[in-house]
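# Summary of structural features
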Amino acid sequence: MMNCVFIQIRCKPGTAYRVAGDIALREIHSELYSTSGEYDLLVKLYIPEGEDVGKYINDHLLDIDGIERTLTTLTFKAF
């Protein structure tokens, strides 16, 4: 069983397309969208069961240059 999380990403000005490209190259996401509003990108990830969510995100995503801030939403049940 995998844990589904959604991560909203705010990028430094002018870096959203590069950040999205870097995420895509890592092949860690299920879905990746450009969004309007306070955040620039929305990433849907499935984190392997038993992995620490925070450490997984930190190790696989947050070291990408240009990411300024993130907001992670954990999911619990699909309806």
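First, a word on what this report is: a plain description of the structure on this page. Note that the coordinates shown come from a computational prediction; the quantities given were computed from them, not determined experimentally. (Residues numbered from 1 in each chain as written. Predicted model: local features only at pLDDT ≥ 70, side-chain atom pairs only at ≥ 80, totals over all residues. Heavy atoms only, no water.)

### A closer look at unusual backbone geometry
The line we're drawing: Each helix is a run of DSSP H or I of at least 4 residues and each strand a run of E of at least 2, with the numbering of both proceeding from the N terminus.
Phi at Glu27 takes a positive value of approximately 55°, unusual for a residue other than glycine. Mapped onto the fold, Glu27 is located in the loop between helix 1 (16-26) and strand 2 (29-34).

### A closer look at the layout of surface pockets
The condition is simple: Buriedness for pockets is judged along seven lines, at least five of which must meet protein on both sides within 12 Å for an open set on the 1 Å grid over protein atoms alone, while cavities are sets there where a 1.4 Å probe fits but cannot get out, and lining residues have an atom within 4 Å of a point. Grid points are joined across faces, edges and corners, and a volume is the space filled by probe spheres set on the points. Residues were grouped as follows: Ala, Val, Leu, Ile, Met, Phe, Trp, Tyr, Cys and Pro as nonpolar; Asp, Glu, Lys and Arg as charged; and all remaining residues, including Gly, as polar.
For the largest pocket, the calculated volume is near 160 Å³. Grouping the constituent residues of the lining of the largest pocket by class yields 5 nonpolar, 2 polar and 1 charged.

### Quick look at the side chain of Thr15
Put simply, the rule is: By the criterion applied in these results, polar contacts are pairs of N or O atoms within 3.5 Å in which, for protein atoms, one can donate a hydrogen and the other can accept it, and in which residues neighboring in sequence qualify only through two side-chain atoms.
Within the secondary structure, Thr15 is located in the loop between strand 1 (2-11) and helix 1. Of note is the side chain of Thr15, whose polar atom sits 2.6 Å from the backbone oxygen of Lys12.

### Considerations on the pairing of strand 3 (residues 41-48)
Threshold: Should DSSP find at least two bridges between two strands, the strands are regarded as paired.
Sheet topology note: the strand 1/strand 3 ladder contains 8 bridges and is antiparallel. Across the sheet, Ile9 pairs through a bridge with Leu41, a residue of strand 3. Bridge count for strand 2 against strand 3 is 5 bridges, and the pairing is antiparallel. Each bridged residue has a counterpart across the sheet, and for Leu32 the counterpart in strand 3 is Val43. In textbook terms, the turn of a hairpin is the stretch between consecutive antiparallel strands, and for strand 2 and strand 3 this stretch comprises 6 residues, one of which, Gly37, has a positive phi near 100°.

### A few points about the pattern of salt bridges
Under the convention used in this document: Salt bridges are counted wherever a side-chain nitrogen of Lys or Arg sits within 4 Å of a carboxyl oxygen of Asp or Glu.
For the coordinates displayed, the defined rule picks out 6 salt bridges. We note a salt bridge from Asp22 to Arg18, for which the minimum N-O separation is 3.2 Å. Placement of both Asp22 and Arg18 in helix 1 is noted, with a separation of 4 residues, approximately one turn of the helix. Between Lys55 and Asp59 there is a salt bridge, with the nearest N and O atoms lying 2.6 Å from each other. Taken together, the residues Lys55 and Asp59, both in helix 2 (residues 53-60) and 4 residues apart, mark about one turn of the helix. Through salt bridges with shared partners, one network takes in Arg18, Asp22 and Asp65.

### Quick word on the environment of Thr70
The cut-off we apply is this: Residue burial is assigned from relative accessible area. The probe radius is 1.4 Å, only protein chains are included, and a residue is buried under 20% of its type maximum, exposed over 50%, and partly exposed in between. Here a residue-residue contact requires only that any non-hydrogen atoms of the pair lie within 4.5 Å.
Among the secondary structure elements, Thr70 is positioned in strand 4 (residues 67-74). Residue classification places Thr70 among the partly exposed residues on the basis of a relative accessible area of 26%. When the C-alpha atoms of Thr70 and Asp40 are compared, they prove to be 9.9 Å apart, with 30 residues separating the residues in sequence. In this structure, Thr70 is in contact with Ile7, Gln8, Ile9, Tyr39 and Leu62, ignoring residues within four places of it in sequence.

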